Amino acid sequence: MNDTLAEKSKSSAKIQSKSLTIDGNEAVAEVAYRVNEVIAIYPITPSSNMGEFSDEWSAKRRTNIWGTVPEVVEMQSEGGASGAVHGALQGGALTTTFTSSQGLLLMIPNMFKIAGELTSMCMHVAARTVATHALSIFGDHSDINAARSTGFAMLSSNSVQEAHDMACIGTAAALKSRIPTVHFFDGFRTSHEVAKISILSDDDLRFMIDEKLVREHRARALSPERPVLRGSAQNPDVFFQARETVNPFYAACTDIVQAAMDRFSSRVGRSYHLFDYVGHPEADKVVVLMGSGAETAHETVEWMNAKGAKTGVVKVRLYRPFSVKAFIAALPKTVRHIAVLDRTKEPGAVGEPLYQDVVTALSEAKTLGLNPPDCRVIGGRYGLSSKEFTPAMIKSVFDELGKPQPKNHFTCGIIDDVSHTSLDWDRDLDIEADDVNRSVFFGLGADGTVGANKNSIKIIGEETPQNAQGYFVYDSKKSGAMTISHLRFGPKPIRSIYLIKRASFVACHFFPFMEKLDVIGYAAPGAVFLLNAPYAADKVWDTLPYEVQEAIIAKKLKFYSIDAASVAEEAGMGRRINTIMQTCFFAISGVLPREEAIARIKGAIEKTYSKAGQKVIDANFKAVDSALAHMHEVKYPAKPTTQRRRPPAVSSLAPDFVKKVTSVMLSNKGDTLPVSAFSVDGTWPLSTSQWEKRSIALSVPVWDEKLCIQCNKCSLVCPHAAIRSKAYDPKLLEGAPKTFKSTDYKGAEFKGWKFTVQNAPEDCTGCTVCWQVCPAKDKADASRKALTMK
């Protein structure tokens, strides 16, 4: 880095310190982009957004803190990305990458080389489950633990703010220590959580990144001007000795990371340590863990101690190298019982990785004369594949620690009726403060609900003094599947890193969910309930099943209804109801004055849809303006008015496995299934999808047998095989209903037979692909086809 460029960068107009409401991926990318020169990427869920942001900013010629535009290149695999990183680093460039799960595993060969060559870098990982008996796109620490022997330092973040901060600290420390760093945070739970954070300015980053160290990194580059051989092959006579030469660097690494944390604190005021303890100063029971679960443990410990308990939590920040001295210093001297919680499973091991580290650290501390507390240590697993981890589960761990013979190698949050490892927990425990506003929104993938709620939480976070958090639960089926948005905001920092169970506002954006799911179960007594229904406000009550009516009455909910689909259609927005429902939320929640909220919504619309053109923006504006005129409060009686019950999730004709397992999953209650419900090797019965009747289409194709040319293109292109065409013997029509459509088959091979095209409305998604591909048009009216969406 030449001095002229450094001076130039100081005068460049850049982002200044301010608050933004963004997700964890963007929070990390905000730092990683500005402190690197080369970014090699390959997309993998849930880390893809970090690369996408970097690519977008590079395309827009946004500069880093040195006034240059980072070169962002998408490779053809994760192995290619890590190879490109290795090469760029050896060329002296400040380089990073982003990945998750199997993507990280594919980078391991290059990671061993990068660490073995003491090459400074900080890569960023949205930690995700590694596929074992099944693939999972959700989060835990199995990928991180699979890479822990590479020689990379491993730095953990627990929240969106910490992910932003640690991206800076990890880069600064790696430059000083020469130990490359993996900065990791929980996939989805942190990577996709939207929160209000304080953004580091360019000046903050320049303060942390020592340019003398940058020049030293450059000087170690492979160059014809300073020729050396790097990456040789060695025989048994020297390899071992050469491998041990790095020991002093790893011994110094922990102090260097702490020094970077202290320097960061001196600049911005947020303080971090290798291990941070929170809790009673004389705690006798302590849990040790890392990642987002540590924030929930923090909240639970404060709640328990306020009720007279003596508990604490140690948050692990620097996982590798593991500092025995710093860990012992973090523990209160009074602790007698420790539970170590790992978000991974390592079959066959004596215990999970973090548990083994803690046990070893306590043992070695005695040898080193560090006077560790005399305590019993037990270990447990939690949160695999983003399984919920709640205060009730953490309390159950503390309760277990208090027993004379606590269970070791336990599990949290599941029902293990096979190995009996699980701890029981109070499913009704709710420790959230009353000053936290909680809202839950049920939507359908691709209907815009998640996007609207992201805008909503950003409006609340940036236009009010409230702290704000948004988390969005996606089904792995993605488009066309259920989404549940969880929004929190309140006057204090939010450490509730788990799903909302009792909300003051519940909205259902897709009416068929009322027939399938316990939507009202999420509502607290006296809450507001908003329903998008294809019925008038004076008719909607009688369309609800008995269980829903009963729950609304029992909880005394304030009930509002709107036919958002009709409003969207009139506004020219098709099936996207997001801004309509968002307008209704602000209007009846009282978060902001109504007129101010509408102005903010329109501002968010302009920002979100600027690329789509003014026509799309105008349609959204029109929908916002007409939304409130179509929303009405529903007055309901004191008793249910229907005897119609919610239908079962699957047919009574379904196989036993579908009734006992699939139906529970379809009812959004898969968390209640015990271990015994599943096969030991991940095998699954065939032909189970036929029993899932999603009924998500707002409009379906209707066949006009008089226009049909029997090309069968509709059946061919249907993504969900919901359209079937058949040629058949006319005798099969005997006894058919009068409404059953058929026509003469046109082909010579089945002369005299009949032909029918049928659509299965419960399986159809309303995607319109069949209608688009249909070539048969009415000559008198070209808008009419053999298939019409109705």
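Residues numbered from 1 in each chain as written. Predicted model: local features only at pLDDT ≥ 70, side-chain atom pairs only at ≥ 80, totals over all residues. Heavy atoms only, no water.

This paragraph deals with the packing of helix H16 (residues 449–463) against helix H20 (residues 578–589). At a minimum axis separation of 8 Å, H16 and H20 run at an interaxial angle of 35 degrees. Seen along the crossing, H16 lies across H20 with a hand that is right-handed. Of H20, the residues touching H16 (which contributes Thr449, Ala452, Asn455, Ser456, Ile459 and Ile460) are Asn578, Gln582, Phe585 and Phe586. A per-class count over the contact of H16 with H20 returns five nonpolar, five polar and no charged. (Axes fitted to C-alpha atoms, helices over the stretch in contact; angles between N-to-C directions. Helix = DSSP H or I, 4+ residues; strand = E, 2+ residues; numbered from the N terminus. Left-handed = near helix turned anticlockwise from the far one by under 90°. Contact = heavy atoms within 4.5 Å. Nonpolar A, V, L, I, M, F, W, Y, C, P; charged D, E, K, R; others polar.)

So, about the sheet that holds strand S16 (residues 410–411). The strand order across the open sheet formed by six strands is S10-S12-S11-S14-S15-S16, and the pairing between neighbours is mixed. Strands with a single pairing partner mark the edges of an open sheet, and in this sheet they are strand S10 (275–279) and S16. Its contacts with the sheet put helix H14 (residues 353–367) on strand S11 (285–289), strand S12 (311–316), strand S14 (337–342) and strand S15 (376–381), and the angle it makes with S14 is roughly 145 degrees. Strands in contact with helix H15 (residues 391–401) are S11, S12, S14, S15 and S16; relative to S11, the strand with the most contacts, it is inclined by about 130 degrees. (Pairing = 2+ DSSP bridges.)

Turning our eyes to something else, we now look at the side chain of Ser292. Relative to the helices and strands, Ser292 is located in the loop between S11 and helix H12 (293–306). Side-chain polar atoms of Ser292 contact the side chain of Asp186, separated by 2.5 Å. If we ignore the near neighbours within four places in the chain, the residues touching Ser292 are Ser157, Asn158, Asp186, Arg189, Thr190, Arg343 and Ile497. (Polar contact = N/O pair within 3.5 Å; in protein donor to acceptor, adjacent residues only side chain to side chain.)

A sheet is described by the order of its strands in space; here five strands give the open sequence S5-S6-S8-S7-S13, paired in mixed fashion. Strands at the two margins of the open sheet, each flanked by one partner only, are strand S5 (98–99) and strand S13 (318–320). Bridge count for S5 against strand S6 (residues 122–127) is two bridges, and the pairing is parallel. Note on S6: the bridge partner recorded for Thr99 is Val125.

Our next topic: the packing of helix H2 (residues 24–34) against helix H7 (residues 160–177). At their nearest, the axes of H2 and H7 sit 8 Å apart, and the two run at 15 degrees to each other. Relative to H7, the element H2 is oriented roughly parallel. Relative to H7, the crossing made by H2 is right-handed. Residues Gly24, Ala27, Val28, Glu30, Val31 and Arg34 of H2 pack against Val160, Ala163, His164, Ala167 and Cys168 of H7. Broken down by class, the residue content of the contact of H2 with H7 amounts to seven nonpolar, two polar and two charged. (Parallel < 35°, antiparallel > 145°, perpendicular 65-115°, else oblique.)

Here is a general trend for soluble globular proteins: nonpolar side chains tend to be buried in one another's company. Of all hydrophobic cores here, the largest spans 91 residues; its most connected members are Val288 and Phe327. Per-element accounting of this core gives the leading share, eight residues, to H7. Each residue touching Val288, except ones within four places of it in the same chain, is listed here: Val314, Val316, Phe327, Ile338, Ala339, Val340, Leu341, Leu354 and Val358. Among the nonpolar cores identified, the runner-up in size contains 45 residues, and Phe472, Tyr560, Val567 and Phe585 belong to it. (Core = buried A, V, L, I, M, F, W, Y, C linked by side-chain atoms within 4.5 Å. Buried < 20%, exposed > 50% of the residue type's maximum accessible area, 1.4 Å probe, protein only.)

Let us look at helix H22 (residues 614–630). In this model, H22 (17 residues) spans 24 Å end to end at C-alpha, consistent with the 24 Å of a helix rising 1.5 Å per residue. Where H22 is concerned, the buried positions are Ile617, Ala619, Asn620, Phe621, Ala623, Val624, Ser626, Ala627 and Leu628. The secondary structure elements touched by the buried residues of H22 are strand S22 (558–562), helix H19 (564–571), H20 and helix H21 (594–608). (Expected span 1.5 Å × (residues − 1).)

Here the focus is the packing of aromatic side chains. To describe a pair of aromatic rings, you give the distance between the ring centres and the angle between the ring planes. Per the counting criterion, the structure on display carries 24 aromatic pairs. Judged by centre distance (5.6 Å) and plane angle (40 degrees), the rings of Phe441 and Phe505 are tilted. Of the two residues, Phe441 sits in strand S17 (residues 437–444) while Phe505 sits in strand S20 (residues 503–508), which places them 64 residues apart along the sequence. For the residue pair Phe441 and Phe505, the accessibility class agrees, reading buried in each case. Among the aromatic residues, those joined into a ring-pair cluster are Trp703, Tyr745, Phe750, Trp753 and Phe755. When the ring centre of Tyr471 is taken as origin, the NZ or CZ atom of Arg189, which lies over that ring, is 3.7 Å away. (Phe/Tyr/Trp six-rings, centres within 6.5 Å; stacked < 30°, edge-to-face > 60°. Lys NZ or Arg CZ within 6 Å of the ring centre and 35° of its normal.)

Turning to the environment of Val650, a few remarks are in order. Relative to the helices and strands, Val650 is located in the loop between strand S23 (632–633) and helix H23 (656–666). A sequence separation of 14 residues divides Val650 from Val664, and the C-alpha atoms of the two residues are 9.4 Å apart. Setting aside residues no more than four positions away along its own chain, Val650 makes contact with Val658, Lys659, Ser663, Leu666 and Trp691.

With that out of the way, let us pick up the confidence of the model for the protein. Looking at the protein, the pLDDT average stands at 94 and 97% of residues meet or exceed 70. Of the regions scoring below 50 in pLDDT, residues 1–15 engages in 28 contacts with residues more than four places distant in sequence or in other chains. (pLDDT = per-residue confidence, 0-100.)

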